[in-house]
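In case you want the letters, here they are:
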Amino acid sequence: MKKTYDVLVIGPVSLDHNIDYQGNERKEVGGAVVASGFAAAKSGNRTAVFTKLNPADADVEERFAGSGADVYWKPSQATCSIRNQYFTADKEKRACTSMGVCDPFRFDELPDIETKIYHFAGLVYGDFDGALFAEAARHGKVAVDVQCLLRHVEADRTMAFHDYLYDYYDRNLSHSNMGYEYYAIDQGLRAEDVIPADDLAAGRIFPPSDEMMMDTIVPMFVDEDQFMVYCLTVSGHLNYTL
């Protein structure tokens, strides 16, 4: 006899790397499937969760411990991973960068159960397709978190770096508005990444070292298949003699 649930929540867990507007970093296993799974179960619904991940990256049973939901999962070549760089205290403005995408979901992978509702809690376009929605609709009601239909992962990375204060001349606003994944001091880069130790100890933050910046940032993109990088240096500000 099949197990019966009120709702089956389906979607990838995400290795989230969150950076707040003050540069504080937090890494955790999250994703819409986690939030929805906990919410559904804690609301008193008989809840099952189905997710996909590379098991080397996270312990899915541990993540859902205490949720009250039954957990089912399948392995994926990669685990979904998202980096969120927040620019304001209210977190209304951010740069969202995909660091990994899990394998697409198929109906024949879902657990052999009965459920009233299939809730698709995806994160990016491609997690699910129309055939999956159509087949699920033949077996129960379907709900979809629309972000997985709107958020597309681009094939390349477009990054901008500056080895001075991140909000100088409001570059934290201008560069993100131009579509850059923007890094500067206090926004993805630390002062010690770009300022010589002796200068930092003496309280001198200008000029920073363009060479130190390059040593720090190149490993962040050099292994990507495609990338576009804009580096705003400070060497042009220095004194020169003829």
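These figures come from a predicted structure and were not determined experimentally.

Undergrad: Can you explain the overall build of the protein chain? Please cite residues and give values.
TA: In terms of helices and strands, the protein chain carries 8 helices and 13 strands. Here the C-alpha atoms of the protein chain give a radius of gyration of 22 Å, more than 25% beyond the 18 Å that 2.2 N^0.38 yields for 242 residues. With the principal axes as the frame, the protein chain shows a C-alpha extent of 85 × 30 × 30 Å. Among the 242 residues that make up the protein chain, the fraction classed as buried is 42%.

Undergrad: I'd love a proper account of the sheet that holds strand S4 (residues 47-53), names of residues and values included.
TA: Taken together, the 5 strands give an open sheet; going across it, the order is S5-S4-S1-S8-S9, and neighbouring strands pair in parallel fashion. The two strands at the open ends of the sheet, each matched to only one other strand, are strand S5 (70-75) and strand S9 (141-144). Neighbour to neighbour, the strand axes of the sheet diverge by 20° on average, direction disregarded. The pairing of S4 with S5 spans 6 bridges and is classified as parallel.

Undergrad: Please give an account of helix H8 (residues 210-217) that cites residues and values.
TA: Regarding H8, the residues found buried are Asp210, Met213 and Ile217. Down the axis of H8, the buried side of the element spans an arc of 55°, and every buried residue falls inside it. Away from its buried face, by an angle of more than 90 degrees, H8 presents the exposed residues Glu211 and Asp215.

Undergrad: Before we move on, can you summarise the sheet that holds strand S7 (residues 94-100) with the specific residues and values?
TA: In sheet architecture, strand pairing relies on hydrogen bonds along the backbone and comes in two forms, parallel and antiparallel. One open sheet holds the 4 strands; their spatial order is S3-S2-S6-S7, and the pairing between them is mixed. Among the strands making up the open sheet, the edge pair consists of strand S3 (25-30) and S7. Strand-to-strand, the axes of this sheet are offset by a mean angle of 20°, without reference to chain direction.

Undergrad: An account of the packing of aromatic side chains is needed here, citing residue identities and associated values.
TA: What the rule picks out here adds up to 12 aromatic pairs. Ring centres 4.9 Å apart and planes at 50° place the aromatic pair phenylalanine 221 and phenylalanine 227 in the tilted group. A residue is classified by how much of its surface remains accessible, and phenylalanine 221, at 8% relative accessible area, is buried. For phenylalanine 227, a relative accessible area of 37% corresponds to the partly exposed category. A connected cluster of aromatic rings, assembled from ring pairs, spans Phe50, Phe105, Phe120, Phe128 and Phe133. Over the ring of tyrosine 86 we find lysine 91; its NZ or CZ atom is 5.2 Å from the centre of that ring.

Undergrad: How would you summarise the layout of surface pockets if you had to cite specific residues and measurements?
TA: Each pocket or cavity is described by its volume, and for the second largest pocket that value is around 440 Å³. Together, 24 residues line the second largest pocket, and His17, Ile19, Glu25, Arg83 and Gly188 are the ones closest to its centre. Breaking the lining of the second largest pocket down by element, the ones donating at least two residues are strand S2 (14-19), S3, strand S6 (80-86), strand S11 (181-185), strand S12 (188-189) and helix H6 (191-194). Top contributing element to the lining of the second largest pocket by residue count: S2, with 4 residues. Residue composition of the lining of the second largest pocket, grouped by class: 7 nonpolar, 7 polar and 10 charged.

Undergrad: Would you mind going over the pairing of S2 in detail, with residue names and values included?
TA: Among the 6 residues of S2, 5 are classified as buried, and the element is accordingly described as predominantly covered. Pairing of S2 with S3, which is carried by 6 bridges, proceeds in the antiparallel orientation. From the neighbouring strand, serine 14 faces S3, where its bridge partner is glycine 30. Hairpin connection of S2 to S3: 5 residues between the antiparallel strands, including glycine 23 at a positive phi of 90°.

Undergrad: Explain helix H3 (residues 130-137) to me, and be specific about the residues and the numbers.
TA: Of the positions making up H3, those classed as buried are Leu132, Phe133 and Ala136. Buried residues in H3, looked at end-on, bunch into an arc of 100°, giving them a common side.

Undergrad: Give me the lowdown on a nonpolar patch on the surface, citing residues and values where you can.
TA: On the surface, a nonpolar cluster with roughly 400 Å² of combined accessible area is contributed by Val142, Val144, Val146, Leu149 and Leu150. Elements with a contribution of two residues or more to the nonpolar patch: S9 and helix H4 (147-150). Accessibility expressed as a relative area gives 63% for leucine 150, which makes it exposed.

Undergrad: Explain the pattern of salt bridges to me, and be specific about the residues and the numbers.
TA: Within the structure shown, the criterion is met by 12 salt bridges. Residue arginine 190 is joined to aspartate 193 by a salt bridge in which the shortest nitrogen-to-oxygen separation is 2.9 Å. Through salt bridges that share partners, Lys52, Arg106, Asp108 and Glu109 make up one connected network.

The rules behind these values
Residues numbered from 1 in each chain as written. Predicted model: local features only at pLDDT ≥ 70, side-chain atom pairs only at ≥ 80, totals over all residues. Heavy atoms only, no water. Helix = DSSP H or I, 4+ residues; strand = E, 2+ residues; numbered from the N terminus. Rg over C-alpha atoms; globule rule 2.2 N^0.38 Å. Buried < 20%, exposed > 50% of the residue type's maximum accessible area, 1.4 Å probe, protein only. Pairing = 2+ DSSP bridges. Axes fitted to C-alpha atoms, helices over the stretch in contact; angles between N-to-C directions. Arc of directions from axis to C-beta. Phe/Tyr/Trp six-rings, centres within 6.5 Å; stacked < 30°, edge-to-face > 60°. Lys NZ or Arg CZ within 6 Å of the ring centre and 35° of its normal. 1 Å grid on protein atoms, 1.4 Å probe; cavity = no way out; pocket = protein on both sides within 12 Å on 5 of 7 lines; lining within 4 Å. Points joined across faces, edges and corners; volume = space filled by probe spheres on them. Nonpolar A, V, L, I, M, F, W, Y, C, P; charged D, E, K, R; others polar. Patch = residues over 30% accessible without salt bridge, like charges linked within 9 Å, V, L, I, M, F, W, Y side chains within 5 Å. Areas by Shrake-Rupley, 256 points an atom, 1.4 Å probe, with all protein chains shown as cover. Salt bridge = Lys/Arg side-chain N within 4 Å of Asp/Glu carboxyl O.

Function cannot be read off these values alone, since they describe shape.
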